[in-house]
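# Commentary on secondary and tertiary structure
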Amino acid sequence: MKALGLIPLALIAAPLSAQDAASAMAGEWLVDLRLSLEDDEYTQVMVLDVAEDGGVTGTFYQAEIEDGHAGTAQERTCVSFRTSDGSGNYHHSACLVDGKMIGQTWAEGREFVLPWTAERP
């Protein structure tokens, strides 16, 4: 078996710089939470604050963002964070694609995964 050697540091996901993160992901987003694109409109506001170290705070679905992080790898800029309510934790992740966020939420206590999209209002 051939040894793979060390992975170049450039291939490891690094936190975004403050300037890159702020321009790419920070700010207000309108999240489309419909189960089907044919359903009546159902949106919620998400506000992301991205720190220089890639840490993310803010709000989503009227809940505070916990343990949020942003990063860039494989030519994608992504964010991941947790919120919670009386039913349990919600784990959210999304990546920017052509100026739109393509994401999903896993509702741990409610046992569902919901794909969603978000755009700037």
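The preceding data block contains the structure.
Residues numbered from 1 in each chain as written. Predicted model: local features only at pLDDT ≥ 70, side-chain atom pairs only at ≥ 80, totals over all residues. Heavy atoms only, no water.

### Describing the state of the cysteines
Using the following cut-off: Note on disulfides: each one is a pair of cysteine sulfur atoms within 2.5 Å. Put simply, DSSP marks the helices as runs of H or I at least four residues long and the strands as runs of E at least two long, and each gets a number from the N terminus on. Only protein chains enter the accessibility calculation, which uses a 1.4 Å probe. A residue is then buried if its area is under 20% of the maximum for its type, exposed if over 50%, and partly exposed in between.
Applying the stated criterion to the full structure yields one disulfide. Each sulfur of the disulfide joining C78 and C95 lies 1.9 Å from the other. Between C78 and C95 the disulfide shows an S-S torsion of about 100°. By sign, it is right-handed. Remark: C95 occurs in strand β8 (residues 88–97) and C78 occurs in strand β7 (residues 76–85); sequence separation between them is 17 residues. For the pair C78 and C95, one class covers both residues: buried.

### Quick notes on the side chain of T77
Test applied: Here a polar contact is taken to be a pair of N or O atoms separated by no more than 3.5 Å, where protein atoms must pair a possible hydrogen donor with a possible acceptor and residues adjacent in sequence count only if both atoms sit in side chains.
By secondary structure assignment, the location of T77 is in strand β7. For T77, a relative accessible area of 16% gives the class buried. A polar side-chain atom of T77 sits 3.2 Å from a polar atom in the side chain of T72.

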